[in-house]
Amino acid sequence: MIKRFTSSQHGFTLMELMVATAVVTLVAMGVAAGLSAALRAWESGERNLETFQTKRIVCDRLIAEIGNAVNIRGQKEDQEKAEMIFNGEPDSLSFITTSHALMSPSLPMALKETKIRVDPGVGLVIDESMFSSTEFFSSDRGVRYVLDPTITDIKFAYYYVPRPTSRSSEDAESEIT
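Remember, it's a predicted structure, so these values are computed and weren't measured experimentally.

Visitor: Would you mind going over the overall build of the protein with me for this structure?
Guide: Across its full length, the protein holds 2 helices and 7 strands. Beginning at the N terminus, the succession of helices and strands in the protein can be written as α-β-β-β-β-β-β-β-α. The buried share among the 177 residues of the protein stands at 23%. A separation threshold of at least 6 residues defines the contact pool for the protein, and within that pool the share at least 24 residues apart is 49%. With an accessible surface of roughly 13,700 Å², the protein has 61% of that area assigned to carbon and sulfur atoms.

Given below as structure tokens:
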């Protein structure tokens, strides 16, 4: 006996169920792909933010160290006359600066010798030690801070701005008239 469906019977045909399942599967795959892309973008943003913050902290530290530099003249035992205690090379910078408790917790508040350079295999480092009036920038003493191990090269440029010389009052008057 063959059973026929009448209009009073409700339900889905096999074809309708297969089409509905395919549509739901495609929508779920699209949502999963979108979530996966959003998660990758989030992780990439987190990595970029961490890199940016590290570089900003390094720049702030360098600005603070160089900004606190002081002009001191010193004389080593083997020198005849005093000279400014500063050593500027294309790849390193050594100077005297004031110590700050937050930046140099191991050094008391005083003058300190600071050398900024890139150490191969280590990264950007700051070597600090208490100011010595006889040994300037000795590498065998002090504390080393690794600021950023990802920095492999640094270049410093130095500018000399001559101080204006005082002119006689006659020269100044002749320029005015």
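Visitor: What is the right way to look at helix H1 (residues 14–67) in this model?
Guide: At 3.6 residues per turn, the α-helix brings residues three or four places apart onto the same side. Here H1 is 54 residues long and its end C-alpha atoms lie 78 Å apart, about the 80 Å a rise of 1.5 Å per residue gives. Along H1, the residues that are buried comprise Val-58, Arg-61, Leu-62, Ala-64 and Glu-65. At its buried positions, H1 is contacted by strand E4 (92–98), strand E5 (111–119), strand E6 (123–130) and strand E7 (143–148).

Visitor: Just to check I follow, could you spell out the sheet that holds E6 for this structure?
Guide: Strands pair in a sheet through their backbones, by hydrogen bonds, and they do so in one of two ways: parallel or antiparallel. Here we have 5 strands laid out as an open sheet, ordered E3-E4-E5-E6-E7, and antiparallel in their pairing. Since the sheet does not close on itself, it has two edges, and those belong to strand E3 (86–89) and E7, each with one partner. Between one strand axis and the next, the sheet turns by 25° as a mean value, whatever way the strands run.

Visitor: Quick question: what am I supposed to make of the nonpolar core here?
Guide: Nonpolar side chains tend to gather and get buried jointly when the protein is soluble and globular. Of all hydrophobic cores here, the largest spans 12 residues; its members are Val-58, Leu-62, Leu-93, Phe-95, Ile-116, Val-118, Leu-124, Ile-126, Leu-147, Ile-151, Ile-154 and Phe-156. Beyond its immediate stretch of four places on either side in the chain, Leu-62 contacts Ile-116, Leu-124, Ile-126 and Leu-147.

Visitor: Would you take a moment to explain the pattern of salt bridges for this structure?
Guide: Working definition: two side chains of opposite charge can pair if their charged atoms are close together. Taken as a whole and assessed by the stated rule, the structure comprises 11 salt bridges. Between Arg-61 and Glu-65 there is a salt bridge, with its nearest N and O atoms 3.0 Å apart. One end of the pair, Arg-61, and the other, Glu-65, are both in helix H1, 4 residues apart, so they sit about a helical turn from each other. Glu-65 carries the same exposure label as Arg-61, and that label is buried. In this structure, Arg-117 and Asp-119 form a salt bridge, with 4.0 Å as the shortest nitrogen-oxygen distance. Look at Arg-117 and you get buried, because its relative accessible area is 17%. Linked through salt bridges whose partners overlap, the residues forming this network are Arg-61, Glu-65, Lys-112 and Glu-128.

Visitor: What should I look at first to understand the pairing of E5 in this one?
Guide: Look at any regular strand and the pattern is simple: side chains alternate between the two faces of the sheet. Counting buried positions along E5 yields 7 of 9 residues, so the element is predominantly enclosed. Direction of pairing for E4 relative to E5: antiparallel, over a ladder of 7 bridges. Note on E5: the bridge partner recorded for Phe-95 is Thr-114. The pairing of E5 with E6 spans 8 bridges and is classified as antiparallel. By the bridge assignment, Thr-114 is partnered in E6 with Glu-128. The loop that links E5 with its antiparallel partner E6 comprises 3 residues; one of these, Gly-121, has a positive phi angle of about 85°.

Visitor: How do you make sense of a nonpolar patch on the surface when you look at a structure like this?
Guide: On the surface, Leu-14, Met-15, Met-18, Val-19, Val-23, Val-27, Val-31 and Leu-35 cluster together into a nonpolar patch covering about 820 Å² of accessible area. On the basis of relative accessible area, Val-31 is assigned to the partly exposed category, the value being 48%.

Visitor: How should the packing of aromatic side chains be read in this particular structure?
Guide: A complete count under the given rule lists 0 aromatic pairs for this structure. Above the face of the Tyr-145 ring, Arg-61 is positioned so that its terminal group lies 5.3 Å from the ring centre.

Visitor: Would you mind showing me how to read the pairing of E3 here?
Guide: The pairing of E3 with E4 spans 4 bridges and is classified as antiparallel. Bridge pairing links Phe-86 to Phe-95 in E4. Counted along the chain from E3 to the antiparallel partner E4, the turn is 2 residues long.

Basis of the calculations
Residues numbered from 1 in each chain as written. Predicted model: local features only at pLDDT ≥ 70, side-chain atom pairs only at ≥ 80, totals over all residues. Heavy atoms only, no water. Helix = DSSP H or I, 4+ residues; strand = E, 2+ residues; numbered from the N terminus. Buried < 20%, exposed > 50% of the residue type's maximum accessible area, 1.4 Å probe, protein only. Contact = heavy atoms within 4.5 Å. Areas by Shrake-Rupley, 256 points an atom, 1.4 Å probe, with all protein chains shown as cover. Expected span 1.5 Å × (residues − 1). Pairing = 2+ DSSP bridges. Axes fitted to C-alpha atoms, helices over the stretch in contact; angles between N-to-C directions. Core = buried A, V, L, I, M, F, W, Y, C linked by side-chain atoms within 4.5 Å. Salt bridge = Lys/Arg side-chain N within 4 Å of Asp/Glu carboxyl O. Patch = residues over 30% accessible without salt bridge, like charges linked within 9 Å, V, L, I, M, F, W, Y side chains within 5 Å. Phe/Tyr/Trp six-rings, centres within 6.5 Å; stacked < 30°, edge-to-face > 60°. Lys NZ or Arg CZ within 6 Å of the ring centre and 35° of its normal.

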